[in-house]
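What follows is each chain in one-letter form.
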Amino acid sequence: MKAKITKVWYLLGVVLIASCTNKPAIKDVVPEHDTFKLHAKELNEERVINVWTPKDYGSHQDSLPVIYMADGGIGEDFPHIANTVEELIREQKIPAVILVGIENTQRRRDLTGFTTVAKDKEIAPEVGGSAAFRAFIKDELFKEIDQRYRTKAEKTILGESAAGLFVLETFFLEPELFTNYIAFDPSLWWNDHYLVRTAKATLEKQKPVEKKLWFAGSNATDIAPYTKELAAILTENKDEALKWRYADEPNEVHTSIFRATKEKALIWALNP
């Protein structure tokens, strides 16, 4: 019986990560923004980058923190996150920020890490490219954004589902890369829930770095057990430099949790 349940959870996970293209069912208003193309040497391809800045960005000289997001195409999650950020800034619920969206080319390649599970490798022709994608962000995109815009050192990364998996993988592997980490329903089942299985040992090896982590779990049966397990591990963690919060959302499903919790995630993560 246990083996059968595990198989069902795994198959559901494959369906979620394979079907979640992050093209929103709701037709969002596309806010005014900049778009440019950047040749990614690490990925050997051209990437489309969308950037939203506050309306008064051009009338002052202040430098601003930056939010980076995967699934950042105009047909993906960039419009609704940009609209939410604009509203929260207008209501003075978060400080002014710049939003950078990275449009997908091969989503399942870029957002997944290595795996030893044969079934994982069936979701796309190529998987396990997160290290190269992270190197592109770190070594190329950061520099490009800093050259084009007035930026502060504070950086946030957010993502949902497979992008949430990438957020947490980055948190564990390169915790100094971002100041704030936000993951909505991360696909922690990947590679036999490797990130959670190794979380305690990884955290014990990390040097204390001032950072914040916010993550949420819906009622998805392949995700909820692992987000809850991760929260339990973090509760026992003694790193006082890490501020974290887990939003257990049993009334939300995988396709609703992003929009349902994005405001409180941003408010918590971006405020002192």
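Our subject is the structure listed above.
From a predicted model like this one, the values you see are computed outputs, not experimental measurements.

Draft legend 1. Spatial organisation of the overall build of the chain. Within the chain one finds nine helices and eight strands. In summary, the chain has a C-alpha radius of gyration of 18 Å against a globular reference of 19 Å for 272 residues, a match within 12%. Each principal axis of the C-alpha distribution contributes one length, and for the chain these read about 65 × 40 × 35 Å. Taking the contacts inside the chain whose residues are at least 6 apart along the sequence as the reference set, 76% of them involve residues at least 24 apart. Element-wise, carbon and sulfur atoms account for 52% of the exposed surface of the chain, whose accessible area totals about 12,700 Å². Computed over 36 positive and 41 negative side-chain charges, the inter-centroid distance for the chain is 3 Å.

Draft legend 2. A look at the packing of helix α2 (residues 78–90) against helix α9 (residues 257–270). One can describe the packing of α2 onto α9 by two numbers: an axis separation of 11 Å at closest approach and a directional angle of 40 degrees. As judged from the angle between their axes, α2 and α9 are oblique. Considering only the axes of α2 and α9, their crossing is right-handed. On α9, the residues touching His80, Ile81, Thr84, Val85, Glu87 and Leu88 of α2 are Phe258, Arg259, Lys262, Glu263, Leu266 and Ile267. Counted by class, the contact of α2 with α9 contains six nonpolar, two polar and four charged residues.

Draft legend 3. Fine view of the environment of Gln147. Along the chain, Gln147 falls in helix α4 (residues 130–148). The exposed category is assigned to Gln147, whose relative accessible area is 64%. C-alpha of Gln147 to C-alpha of Trp190: the two residues are 43 residues apart in sequence and 36 Å apart in space.

Draft legend 4. Inspection of the packing of aromatic side chains at higher detail. Tallied over the full model, the rule gives 15 aromatic pairs. Three or more aromatic residues joined by ring pairs make a cluster, and in this case those are Tyr68, Phe142, Phe171, Phe172, Phe178 and Tyr181. Looking at Arg148, its charged tip hangs above the ring of Phe36, at a distance of 3.8 Å from the centre. Taking NZ or CZ as reference, Lys155 lies 4.9 Å from the ring centre of Phe142, over its face.

Draft legend 5. Spotlight on the side chain of Glu169. Among the structural elements, Glu169 can be located in helix α5 (residues 162–173). Look at Glu169 and you get buried, because its relative accessible area is 10%. Contacts of Glu169, omitting those with residues within four sequence positions, involve Gly113, Ser130, Arg134 and Leu195.

Draft legend 6. Spatial organisation of unusual backbone geometry. The phi dihedral of Asn44 falls on the positive side, at around 55 degrees, and the residue is not glycine. By the secondary structure assignment, Asn44 is in the loop between β1 (34–40) and β2 (45–52).

Draft legend 7. Region of interest: α5. Its 12 residues place the ends of α5 16 Å apart at the C-alpha level, agreeing with the 16 Å of an ideal helix rising 1.5 Å per residue. A large share of α5 lies buried, amounting to 11 of its 12 residues. Taken as a whole, α5 has its buried residues at Ala162, Ala163, Gly164, Leu165, Phe166, Val167, Leu168, Glu169, Thr170, Phe171 and Phe172.

Draft legend 8. Just the sheet that holds strand β4 (residues 98–102), in detail. The strand order across the open sheet formed by eight strands is β1-β2-β4-β3-β5-β6-β7-β8, and the pairing between neighbours is mixed. The outermost strands of the open sheet, each flanked by one partner alone, are β1 and β8 (242–248). Looking at each pair of strands side by side, their axes are set apart by 20 degrees on average, direction ignored. Here strand β5 (residues 151–160) pairs with strand β6 (residues 180–184) via five bridges, running parallel. Residue pairing across strands places Leu158 opposite Ile182, the latter belonging to β6. Across the sheet, α2 lies against β2, β3 (64–69), β4 and β5, angled at about 25 degrees from β2, the strand it touches most.

Calculation notes
Residues numbered from 1 in each chain as written. Predicted model: local features only at pLDDT ≥ 70, side-chain atom pairs only at ≥ 80, totals over all residues. Heavy atoms only, no water. Helix = DSSP H or I, 4+ residues; strand = E, 2+ residues; numbered from the N terminus. Rg over C-alpha atoms; globule rule 2.2 N^0.38 Å. Contact = heavy atoms within 4.5 Å. Areas by Shrake-Rupley, 256 points an atom, 1.4 Å probe, with all protein chains shown as cover. Lys, Arg positive; Asp, Glu negative; His and termini not counted. Charge placed at Lys NZ, Arg CZ, Asp CG, Glu CD. Axes fitted to C-alpha atoms, helices over the stretch in contact; angles between N-to-C directions. Parallel < 35°, antiparallel > 145°, perpendicular 65-115°, else oblique. Left-handed = near helix turned anticlockwise from the far one by under 90°. Nonpolar A, V, L, I, M, F, W, Y, C, P; charged D, E, K, R; others polar. Buried < 20%, exposed > 50% of the residue type's maximum accessible area, 1.4 Å probe, protein only. Phe/Tyr/Trp six-rings, centres within 6.5 Å; stacked < 30°, edge-to-face > 60°. Lys NZ or Arg CZ within 6 Å of the ring centre and 35° of its normal. Expected span 1.5 Å × (residues − 1). Pairing = 2+ DSSP bridges.

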